[in-house]
Amino acid sequence: MNMKLRKFAHSLLPMLVIGAVLAPTFLYAQEAAEAAAETAAETVSEDSFLDTLKQGGWVMWFLLAASIALVWLTVDCFMRSMIKRMFPPAHVDQIRTLFQNGDYRGAYEYCKANPSTFTDVVRMGVVFLPDGKNMTEEAIFSEISRIKAGFDARISYLSVIGVCGPMIGLLGTVTGMKGAFGALGKEGVGGGGAGELAAHIGEVLVATASGIAVSIPAFFFFYMLRNRIATVIHDLQEVITGLFRKMPYEKFEGYQIGDEEIYAGMPNWVADEEAAPAEQPAEQQA
């Protein structure tokens, strides 16, 4: 029995020695790993938006300006295309009441005093009522086309941002790769330029990702707003069409509604011909 205990003790002794030797190593490795993790966490937390902006290179300033324009255009077009701003229910109800009462001069004055997209179109239609159905419909169509063109011009810049965003990012990619290959050519793979090479590669990745990140929402909001504006313009046109349906255009001949200035004057040769007979008797008398 004692022999067995001695053999067990002799076999256990090397394991205890090895454990005593390796235990500090394992503890040091664990502490080093924890310290590295804390350092990485601190590094990640210290990377602010400005640090990322600087890392992407000079093209990031253009992408930042594009992103600001993207937000402003999206909010502006969304607010302008709201129903409350395009054709407010209060304006529609008041104009319908005035049209039912035949008070077209009152409708003109109300449209002029309460500007909105709806009242602007109605005002142009009322002004051209004495000129007949064709001219009235042409004036309404022209005003609606002008409003739609204004919206299209605004949202088209979203499409421009969507197209140019990746191109700007690609420009940053090219400049970053140029710097990376320059550092690689000077120091080599194992030289002291590894940090500079990594910085240029980071610039490449940040610039490319930022360009795509700006482009995706730009295209999304472009198509969303385009469909939204088309729907609102169609609804506006339906409301206006319902107002001018069965309009007695012949009753407006010879009248002028509103104080819009008329630039079409009588031709000067007709005026001269009308003035000539009045001058002849004076000449004959002389």
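The model shown is predicted, which means the values in this text are computed figures rather than measured ones. (Residues numbered from 1 in each chain as written. Predicted model: local features only at pLDDT ≥ 70, side-chain atom pairs only at ≥ 80, totals over all residues. Heavy atoms only, no water.)

1. Thoughts on the nonpolar core
By size, the foremost hydrophobic cluster in this structure holds 44 residues, and its most contacted members are Ile95, Phe99, Phe118, Val122, Val126, Leu129 and Phe244. Elements with a minimum of two residues in this core: helix H3 (59-80), helix H5 (89-100), helix H6 (104-113), helix H7 (117-127), helix H8 (133-187) and helix H9 (194-243). When residues in this core are grouped by element, the largest group, 11 residues, is from H9. With residues near it in sequence (within four places) discarded, Phe118 still touches Met86, Phe87, His91, Val92, Ile95, Leu236, Val239, Ile240 and Leu243. (Core = buried A, V, L, I, M, F, W, Y, C linked by side-chain atoms within 4.5 Å. Buried < 20%, exposed > 50% of the residue type's maximum accessible area, 1.4 Å probe, protein only. Helix = DSSP H or I, 4+ residues; strand = E, 2+ residues; numbered from the N terminus. Contact = heavy atoms within 4.5 Å.)

2. Some points on the packing of aromatic side chains
With the rule as written, the count across this model stands at five aromatic pairs. Ring plane angle 70° and centroid distance 5.1 Å describe the contact between Phe99 and Tyr104, whose orientation is recorded as edge-to-face. Comparing Phe99 with Tyr104, the two get one shared label, buried. By way of ring pairs, the aromatic residues Phe99, Tyr104, Phe244 and Phe252 are connected into one cluster. The residue whose ring lies beneath Arg228 is Phe78, and the NZ or CZ to ring-centre distance is 4.2 Å. (Phe/Tyr/Trp six-rings, centres within 6.5 Å; stacked < 30°, edge-to-face > 60°. Lys NZ or Arg CZ within 6 Å of the ring centre and 35° of its normal.)

3. Quick notes on the pattern of salt bridges
With the rule as written, the count across this model stands at four salt bridges. Between Asp76 and Arg154 there is a salt bridge; the shortest N-O distance is 2.7 Å. Taken as a pair, Asp76 in helix H3 and Arg154 in helix H8 lie far apart in primary sequence, 78 residues in all. According to the relative accessible area criterion, Asp76 is buried, its value standing at 16%. Residue classification places Arg154 among the partly exposed positions, given a relative accessible area of 25%. Across the pair Glu143 and Arg146 runs a salt bridge, and its minimum N-O distance is 2.6 Å. Here Glu143 and its partner Arg146 are both found in helix H8, three residues apart, which amounts to about one turn of the helix. On the basis of relative accessibility, which here comes to 10%, the residue Glu143 falls in the buried class. (Salt bridge = Lys/Arg side-chain N within 4 Å of Asp/Glu carboxyl O.)

4. Re the packing of H5 against H6
For any two helices packed against each other, the geometry is given by the interaxial angle and the distance between the axes. Between H5 and H6, whose axes approach to 8 Å, the crossing angle comes to 160°. Of the possible angle classes, the one that applies to H5 and H6 is roughly antiparallel. Where H5 crosses over H6, the two elements pack in a sense that is right-handed. In this structure, H5 uses Ala90, His91, Gln94, Ile95, Leu98 and Phe99 to contact H6, whose residues at the interface are Tyr104, Gly106, Ala107, Tyr110 and Cys111. When its residues are assigned to classes, the contact of H5 with H6 shows eight nonpolar, three polar and no charged. (Axes fitted to C-alpha atoms, helices over the stretch in contact; angles between N-to-C directions. Parallel < 35°, antiparallel > 145°, perpendicular 65-115°, else oblique. Left-handed = near helix turned anticlockwise from the far one by under 90°. Nonpolar A, V, L, I, M, F, W, Y, C, P; charged D, E, K, R; others polar.)

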